[in-house]
Amino acid sequence: MSVATRSTPGPWAGLLHLWRDQRVWLASVLLLVVLALFDPSQAGQSALFAGRALVETAPFLILSIGIAAWAGATGADNLIARAFTGAPLTMILLGALMGGISPFCSCGVIPLIAALLAMGVPLSAVMAFWLASPIMDPSMFVLTAGVLNLEFAVAKTLAAIGLGLFGGLVVHLMSRGGALADPLREGIGNGGCGGSKIRAPKPVVWRFWEEPERREKFARNGLSTTLFLAKWLTLAFLLESLMLAWIPAETVTAALGGTGLMPIVMATLVGVPAYLNGYAALPLVGGLIEQGMAPGAGLAFLVAGGVTSIPAAMAVWALARPQVFALYIGLSLTGAFASGLLFQLWVMA
């Protein structure tokens, strides 16, 4: 008769469990530790940069997290989901227009994106909003008009809306063939199962704080979304700080200077890992244009950089499945190049 022995988990099992659950936080800590060992001054600067960036984006994050948690606690997500029903092309146009004028940054809009997809809103309409939102907002329009000119600001706004329309239409055509049926990663937003909210909507309880269960849901959703964003944005801002420190602006200037078609192509590609946020990039682009860079290349850089910058791309990667992330990047590059080319043709006309 054999005696069955139960093996006790060793320390490696605990470490693997910790890495699986907290790998993003651990990656940030490990990055700071390595910097502290080899470049202590940069470690402090990176930590300060990440903290300052989190504080600066906090108003948008708090607003978007609050809206997402409020929609779930009150049941108002039923109304939002129903508002996105109807003709797909109309919803894509609405998503692109809303994204082009919304005040949310590329990171702050993530809770709303997750909530919309979890409600069962078609990915085509959400993608239109998703692509257009990081490029332009009211304050960005005013600053662009002041630093560059009004024509450039209008062109950037049209590029945002156009990119949203383009991305939404591409996703719509792909979805008709059965692709991209479940865009969210496992465990985020119930994997898109919220489509039942559209088919069988429940009444909205606006005074949600009067019911303990709804108050608990509001707090739970708000906390989980905050922790989710905090870990990814911290790592993203740390990486962004290193790009700022180790990639001189002169490198970007050399790559984007000149006229013709090639600078537009280079501006689109350089915009993928763009380490400058939209506001900081405006003076650089203005200086390059004064030195002879094609305006179309400047627009391509701003559009590509806004949609695919490190914080924006990592937020999409954390939220969406790999195929959706790849499609997001592909649409961004194609749309940025097309925007730059069309603007260049307009300027030359």
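Residues numbered from 1 in each chain as written. Predicted model: local features only at pLDDT ≥ 70, side-chain atom pairs only at ≥ 80, totals over all residues. Heavy atoms only, no water.

Moving on to the overall build of the protein. Counting secondary structure elements, the protein contains 16 helices and 0 strands. For the protein, with 349 residues in total, the buried portion stands at 46%. Long-range contacts, defined here as pairs at least 24 residues apart, represent 82% of the contacts in the protein between residues at least 6 apart. For the protein, the exposed area adds up to about 17200 Å²; of that, 70% sits on carbon and sulfur atoms. (Helix = DSSP H or I, 4+ residues; strand = E, 2+ residues; numbered from the N terminus. Buried < 20%, exposed > 50% of the residue type's maximum accessible area, 1.4 Å probe, protein only. Contact = heavy atoms within 4.5 Å. Areas by Shrake-Rupley, 256 points an atom, 1.4 Å probe, with all protein chains shown as cover.)

The next subject is the nonpolar core. Counting residues in each nonpolar core, the largest one holds 77 residues, and the members touching the most others are Met-127, Trp-130, Leu-302 and Tyr-328. No other element matches the 9 residues that helix α10 (residues 212-246) contributes to this core. Ignoring anything within four residues of it in the chain, the contact list for Tyr-328 reads Met-127, Trp-130, Leu-131, Pro-134, Val-307 and Val-316. (Core = buried A, V, L, I, M, F, W, Y, C linked by side-chain atoms within 4.5 Å.)

Right, let's talk about the pattern of salt bridges for a bit. Counted by the stated rule, this structure contains 3 salt bridges. Among the salt bridges present, the one from Arg-214 reaches Glu-211, with a minimum N-O distance of 3.1 Å. We classify Glu-211 as partly exposed; its relative accessible area is 34%. As a salt-bridge pair, Glu-216 and Arg-220 come within 3.7 Å of each other at their nearest N and O atoms. Of this pair, Glu-216 and Arg-220 both sit in helix α10, 4 residues apart, roughly one helical turn. (Salt bridge = Lys/Arg side-chain N within 4 Å of Asp/Glu carboxyl O.)

Right, let's get into the packing of helix α4 (residues 88-101) against helix α6 (residues 123-132). For the pair α4 and α6, interaxial distance at closest approach is 7 Å and the crossing angle is 20 degrees. Classified by the angle their axes make, α4 and α6 are roughly parallel. When the axes of α4 and α6 are compared, the crossing they make is right-handed. Residues Met-91, Ile-92, Gly-95, Ala-96, Met-98, Gly-99 and Gly-100 of α4 pack against Ser-124, Ala-125, Ala-128, Phe-129 and Ala-132 of α6. Class assignment for the residues of the contact of α4 with α6 results in 8 nonpolar, 4 polar and no charged. (Axes fitted to C-alpha atoms, helices over the stretch in contact; angles between N-to-C directions. Parallel < 35°, antiparallel > 145°, perpendicular 65-115°, else oblique. Left-handed = near helix turned anticlockwise from the far one by under 90°. Nonpolar A, V, L, I, M, F, W, Y, C, P; charged D, E, K, R; others polar.)

Those residues of helix α12 (residues 261-270) that fall on the buried side of the exposure criterion are Pro-263, Ile-264, Ala-267 and Thr-268. Taken end-on, α12 shows its buried residues confined to a sector of 140 degrees, consistent with a single buried face. (Arc of directions from axis to C-beta.)

All right, on to the environment of Asn-149 then. Along the chain, Asn-149 falls in the loop between α7 (138-147) and α8 (150-176). Overall, the relative accessible area of 34% leaves Asn-149 in the partly exposed class.

In this section: a nonpolar patch on the surface. On the surface, a nonpolar cluster with roughly 630 Å² of combined accessible area is contributed by Val-29, Leu-30, Val-33, Val-34, Leu-37 and Phe-38. As for its placement among the helices and strands, Leu-37 is situated in helix α1 (residues 11-38). A residue is classified by how much of its surface remains accessible, and Leu-37, at 65% relative accessible area, is exposed. (Patch = residues over 30% accessible without salt bridge, like charges linked within 9 Å, V, L, I, M, F, W, Y side chains within 5 Å.)

Here we take up the side chain of Thr-144. On the secondary structure map, Thr-144 appears in helix α7. Excluding residues within four positions of it along the chain, Thr-144 makes contact with Met-136, Asn-149, Phe-152, Ala-153, Lys-156 and Leu-282.

To characterise two packed helices, one gives the angle between the axes of the helices and the distance between these axes. The geometry of α4 relative to α8 is characterised by a closest axis approach of 8 Å and an angle of 145 degrees between their N-to-C directions. The interaxial crossing formed by α4 with α8 has right-handed handedness. Between α4, through Pro-88, Leu-89, Ile-92, Leu-93, Ala-96, Leu-97 and Gly-100, and α8, the contact on the second element is made entirely by Ile-161, Gly-164, Leu-165, Gly-168, Leu-169 and His-172. Looking at the contact of α4 with α8 residue by residue, the classes come out as 9 nonpolar, 4 polar and no charged.

What follows is about the packing of aromatic side chains. Using the criterion set out here, one finds 5 aromatic pairs in the structure. Here Phe-208 and Trp-209 contribute two aromatic rings whose centre-to-centre distance is 5.6 Å and whose plane-to-plane angle is 75 degrees, an arrangement assigned as edge-to-face. Pairing Phe-208 with Phe-218 gives two aromatic rings, centres 5.1 Å apart and planes at 35 degrees, and the pair type is tilted. Of this pair, Phe-208 sits in the loop between α9 (196-199) and α10 while Phe-218 is found in helix α10, placing the two residues 10 residues apart along the sequence. Of the residues examined, Phe-218 reaches a relative accessible area of 30% and is grouped as partly exposed. (Phe/Tyr/Trp six-rings, centres within 6.5 Å; stacked < 30°, edge-to-face > 60°.)

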